[in-house]
Every structure is written in structure tokens, then in C-alpha cells.
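# Observations on the three-dimensional arrangement
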Amino acid sequence: MVAIDRRSFLAGLTCAAAHRAFPSALSAAAFARAHDPLRPWYHLLPPHNWMNDPNGPIWWKGKYHLFYQLNPHAAVWGDMHWGHAVSTDMVHWDDQPIALAPTPGGADSEGCFSGSAVVFDGVPTFIYTGVQNAPRAQSTIRDGDNHLRETQLLATAEDDNLLHWKKRAEPVLATPPEGMDVTGFRDPCPWKEEDGWYLGVGSGERGKGGCVLLYRSQYLRHLEYLHKLAEGTPSGKEAANPVDSGEMWECPDFFPLAGPPGTSPHHVLLYSTEGKSLWTTGHYDTKAHRYTADPTGKAWPLDHGAYYAPTSFLAPEGRRILWGWIQETRPPAQYAAAGWAGAMSLPRVLSLDASGRLNLTPAKEVEALRSLALRAQIHAHSSFRHKLRHLRREIQIIADSPPSTLTVRLVVTGTEAWKLQFNGAAGTVTCSDLTFTAAGSVDRPPELRIFVDGSVIESFFNATDALTSRVYTVQPHATELIVELSGPGSAEVQSWPMRAISPDRMTG
Ligand code: FRU
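An account of the accompanying structure is given in this report.

Quick notes on the rules
Residues numbered from 1 in each chain as written. Predicted model: local features only at pLDDT ≥ 70, side-chain atom pairs only at ≥ 80, totals over all residues. Heavy atoms only, no water. Helix = DSSP H or I, 4+ residues; strand = E, 2+ residues; numbered from the N terminus. Rg over C-alpha atoms; globule rule 2.2 N^0.38 Å. Contact = heavy atoms within 4.5 Å. Areas by Shrake-Rupley, 256 points an atom, 1.4 Å probe, with all protein chains shown as cover. Lys, Arg positive; Asp, Glu negative; His and termini not counted. Charge placed at Lys NZ, Arg CZ, Asp CG, Glu CD. Near = heavy atom within 4 Å. Nonpolar A, V, L, I, M, F, W, Y, C, P; charged D, E, K, R; others polar. 1 Å grid on protein atoms, 1.4 Å probe; cavity = no way out; pocket = protein on both sides within 12 Å on 5 of 7 lines; lining within 4 Å. Points joined across faces, edges and corners; volume = space filled by probe spheres on them. Salt bridge = Lys/Arg side-chain N within 4 Å of Asp/Glu carboxyl O. Buried < 20%, exposed > 50% of the residue type's maximum accessible area, 1.4 Å probe, protein only. Pairing = 2+ DSSP bridges. Axes fitted to C-alpha atoms, helices over the stretch in contact; angles between N-to-C directions. Core = buried A, V, L, I, M, F, W, Y, C linked by side-chain atoms within 4.5 Å. Phe/Tyr/Trp six-rings, centres within 6.5 Å; stacked < 30°, edge-to-face > 60°.

## Regarding the overall build of the protein chain
A tally of regular secondary structure across the protein chain gives 5 helices and 36 strands. For a compact globule of 508 residues, the expected C-alpha radius of gyration is about 23 Å, and the protein chain comes in at 23 Å, within 12% of that figure. Oriented by its inertia axes, the alpha-carbon framework of the protein chain measures out at about 65 × 60 × 45 Å. Taking contacts inside the protein chain between residues at least 6 apart in sequence as the whole, the part at least 24 apart equals 59%. Total accessible area on the protein chain is roughly 20300 Å²; 53% of this is exposed by carbon and sulfur atoms. Across the protein chain, the mean location of the 45 positive side-chain charges is 4 Å away from that of the 53 negative side-chain charges.

## Focus on the site of the ligand
In the vicinity of the ligand lie 13 residues, with Asp 53, Gln 69, Arg 186, Asp 187 and Glu 250 positioned nearest. Relative to its free-state accessible area of 320 Å², the ligand is covered by the protein chains to the extent of 92%. Mapped by element, the contributors of at least two residues to the shell around the ligand are strand 1 (49-60), strand 5 (111-120), strand 10 (182-193) and strand 19 (307-314). A per-class count over the shell around the ligand returns 6 nonpolar, 3 polar and 4 charged.

## Concerning empty space enclosed by the protein
Scanning the entire structure with this criterion turns up 4 cavities of 30 Å³ or more. As a volume, the largest cavity reaches approximately 90 Å³. Elements that contribute at least two residues to the lining of the largest cavity include exactly strand 1, strand 5, strand 10, strand 14 (250-257) and strand 19. Each residue belonging to the lining of the largest cavity can be placed in one class, and the counts come to 7 nonpolar, 5 polar and 2 charged. Reported here for the second largest cavity is a volume of approximately 60 Å³. Lining of the second largest cavity is provided by 13 residues; of these, Tyr 42, Leu 44, Met 90, Trp 93 and Leu 346 occupy positions nearest its centre. Class assignment of the residues belonging to the lining of the second largest cavity gives a composition of 11 nonpolar, 2 polar and no charged.

## Structural notes on the pattern of salt bridges
Pairs may arise between side chains of opposite charge once their charged atoms sit close together. Following the criterion strictly, the structure yields 22 salt bridges and no others. Close ionic contact of Arg 319 with Glu 365 constitutes a salt bridge, the shortest N to O distance being 2.6 Å. With Arg 319 in the loop between strand 19 and strand 20 (320-326) and Glu 365 in the loop between strand 24 (358-362) and strand 25 (374-379), the pair connects residues that are 46 residues apart, well separated along the chain. For the pair Arg 319 and Glu 365, a shared accessibility class is recorded, and that class is buried.

## Describing the sheet that holds strand 3 (residues 81-87)
The 5 strands are arranged 4-3-2-1-21 in an open sheet whose pairing can be described as mixed. Edge positions in the sheet fall to strand 4 (94-100) and strand 21 (340-341), since each of these pairs with one other strand and no more. When strand 2 (residues 63-71) meets strand 3, the two strands line up antiparallel, connected through 7 bridges. Paired with Leu 70 across the two strands is His 81, which belongs to strand 3.

## Here we look at the sheet that holds strand 33 (residues 456-461)
The pairing of strands in a sheet happens through backbone hydrogen bonds and is either parallel or antiparallel. The 6 strands lie next to each other as 25-36-27-32-33-34, forming an open sheet whose pairing is antiparallel. Two strands lie at the open edges of the sheet, namely strand 25 and strand 34 (465-470), each paired on one side alone. Taking the axes of each pair of neighbouring strands and ignoring which way they run, one obtains an average angle of 15° across the sheet. Taken together, the 7 bridges between strand 27 (residues 392-399) and strand 36 (residues 490-497) define a ladder with antiparallel strand orientation. Across the sheet, the residue bridging to Arg 393 is Pro 497, located in strand 36.

## Section: the nonpolar core
Considering soluble globular proteins, one finds that nonpolar side chains tend to be buried as a cluster. With 79 residues, the main nonpolar core has Ile 397, Trp 418 and Val 483 as its most contacted residues. For Val 483, the residues in contact, after removing those within four places along its chain, are Ile 378, Ser 382, Ser 383, Phe 384, Ile 397, Leu 406, Thr 407, Val 408 and Val 493.

## Section: the packing of aromatic side chains
In the structure shown here, the tally under the stated rule is 23 aromatic pairs. Between Trp 82 and Phe 126 the ring centres are 4.5 Å apart and the planes differ by 50°, which places this aromatic pair in the tilted class. Here Trp 82, found in strand 3, pairs with Phe 126, found in strand 6 (residues 123-133); they are 44 residues apart in sequence, far enough to count as distant. Each member of the pair, Trp 82 as well as Phe 126, carries the same accessibility label: buried. Considering the side-chain rings of Trp 279 and Trp 300, the 6.2 Å spacing of their centres and the 25° angle between planes classify their relative orientation as stacked. In this pair, Trp 279 is assigned in strand 16 (residues 276-285) and Trp 300 in strand 18 (residues 300-301), connecting sequence segments 21 residues apart. With relative accessibility at 3%, the residue Trp 279 sits in the buried group.

Have a look at this one:
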């Protein structure tokens, strides 16, 4: 496919000519998006405009449904609705009509924020955060001029395709717990236990740190506050938005996850704050409803890069699948002009290893997108080089011994666009100005999987670490992939072209 610059395309063509050039009746703007080399081919994103958090993933009547934060009017954050996509394999998606829109004068008049989907009494049910303008004293979001009140709302599905949703007019949670000066009150995550339903809500207290509030209910309608399920420590940082100082935790997710046979049962807590999505594992006492994080108490990143607000669900055969929002890292004016912003990560399967560490690997369904592989064996001080005709590839590198340095680069007409380097002696991975220690990587032959998809690069390292990068200088035909090994040993490189998930890149 030849790269077409969107601006020169739009400047040079009238809308009518665009229809002649591309007969499937795409508008000029859609035609430009379809030819935008930076727009992903096999990551889910809406046909146009802005997306952020995944919301309410659910398996229902033989289909995967994924909802997400959508601004249907522009490719910038604002006016949050719930977009909807449906799939039979978690990889190919059909775009669906908007599932939730703000109700004028209602508790979600200023936006339908993030939430979850559960099957309650046989009916798929959303529990989500509605946002409305409110006097300062009632507001739970106070940044600058905004005084917004967050409440937790319910909507039930009216059909098995999950197209129509009936909102319950009154919030199921109208205010945060009495006496608490919260930094936010949103993103409910429910789960069922033997004695009823439980609900975590993302929050925090000024000067104390972020937290997850825990509620209990028989019918998900009247909720009783119990206590904090988990809480952070004061960060000592000052920020206009408490999420930036770590005093507000967004998008909590809490679930049991079995480890290898013989290991004790664990629970996993996920939350997002300060631009990062974190996980802890620990023990959940189902009598006292208390969660104790494992002794290190350390929260680990689910991804070291442009990845935020993930949420998980249980696939029918028992896999715990995680979806996350891949953010833009270019200036807003650029993504607004491109007409699209944000993408969904590939589905990641969560598991626990023998040491209690969370592992994440791309779901095997993604492999169905591979076409014929290129294979090469590289040895010390040699390299694998491949000119990319298009920007949809998976690259897998498996070393047969711990190499001293393994480097993967994308070079665009002689200029380095992206570099990931594994330093075997230190066990570190470096990408741009970021360096992290990959879990258990010292003295272990590294395994890397790198998914290049337009401007998205999603990398997985030894199943323990992930790093999502955005690269806006790549161009098809002009981009070269280079894998280099220095030091002893050898590595096998495989590289697959990946099929697009939509014939016109409009996801459906
Ligand atoms: C996380 C988040 C959530 C909120 C939503 C609004 O990215 O800020 O806390 O519900 O996005 O779009």
C-alpha cells in the first residue's frame, strides 16, 4: 500500500473525487484514515474520533462484547459515551452503535465514565460512573473551574445483542462514604461472592493516598460501605489533578487468579494512577473481606509504556483476559487533525507463575492474524535486517543463551525511529529514555514478542513485562527492522506479516 499524506490528499481532492477513487462510499475523511500509515490495522479502535478506557468486557450468548470510552464528536477527550464492538474471536471486531450516551438533565449529563458489566439475575448489567455539574460541596471532581459530581449508575440490557440499555434513573451509590474528603469516586468493579455482591470503587483521600472503597449488596441496588479494600500512602506530591499525584486511583479491578498446582490461591488488584497501571497480588480473606497484598507490598507496572486504565474479564473457558487503552503520545493538535486517537491493546492472558508474579502473554487468538513467517538464526555480532513493505508485523526473538546485548531497531530512511535494547548482564531493557529491570531476566535467555501496527508497538518480554510504544515517524517501504546480537550465543528470529482485521480499516 502506498502511503498517502492525509493533508495533501485532502487538499488535492474534492469529496466527489474521493468517492470515485475509493468506491466503497467512504467520506474523504474516512478515506484519509483508511490510508493513514500511522493508524493501526489489527488493534481495535473506533471508526473515528477519540477512545480511552476499555469498559465492561463481557462474553454473552457466544460473543465477546467490548465497550470503551468514546467521544463521538471529536478526536480529543470529552463528552464521554460508551462505544461498543462485538467479536467471535477477540481479534476481529464489528463496530456497533453507541451503547450508553449521557442523558440531558440526568446523573450522567456530563458523561458516562468508566465501569463494568456483569450478569445479574440472568441480565447483562452495566454499573458505571455518571458525571454531572454540581455545587462545590457536592462535587467529587474539583479541578480548577470544574465542579462535578460522580455517582454510580446502573443500566440493564434489553436485547441479547447488547444494543439497547435501560438506565435506572436513580444512582445506586449517590455519595462517597460519610466524612471522607475524597479525591474522586468512580470506575466501579463488581464481583460476586457466596454471600452476595461486592463492589470496588476507585477513590482516594486528600493527603492520604489513593484507595479502593469496598461495598456490599445483595442485589447491586442498595450498597453498604464496608471499608477500604486497599490504599496507598501519601505521595507528598502536589497536583491540580489528584490522579497525577497518586492520591486518586482509577479503574480498580479485583479478581482471584490461580497459580501453578501446589501454590496458594491469590487475588490480584489492578489500578491506574500517575499515568501508570499497576498490579499487586495478595491474599483475600473472604470472611473479613480484607485484602492483604504480598509482603513486598510493591505495586508493579502492567506495562512500562503508553498503556492505561486496563480492565479484565473471564473468558468462557476460564482465561482471565486483560484489555488496556493504548494512549497517544503526540500533541493533541496532531491527533485531533488525524481524526482518530487511542487504540485498544491486544488481549493479554493473565496468569501467575510459581513465584506469585503476574504473567501476561498475548492471547493465542492473535496468532490467527499471522501469514507466512520469515525465519533467521542470528549469531554473535551478526544481525537480521528486513525492509518492511507495510507496518503490520509480529517479530519474535528467542535467544538460546543469555546474550550480552540484544537490540531491536526500526530505522526509517537511515534515521532511527525506535530502539529496544536488552542488556543481559544487567537484566535491563532500555527503550528511548526508559530503562527497567525485566523480572527474572538475569542469566535467562530472553524471549521477545514485538507487535508493530502502524504507530503502535506492543512488546512483550519473557511473559513478565510489557512495553507499549508509539512511533509517529514510521513509513511503509521506508522502514527497516534490524535485530542485532552482540556477545555469545545465538537467537532465532521469526517475523510474520499480520493480516488487517478490517477490509477498510474502519473496524467493521
Ligand atoms: C481513566 C479515566 C477514568 C474515567 C474515564 C473518563 O482514564 O479517567 O477514571 O472514568 O477515564 O473518560
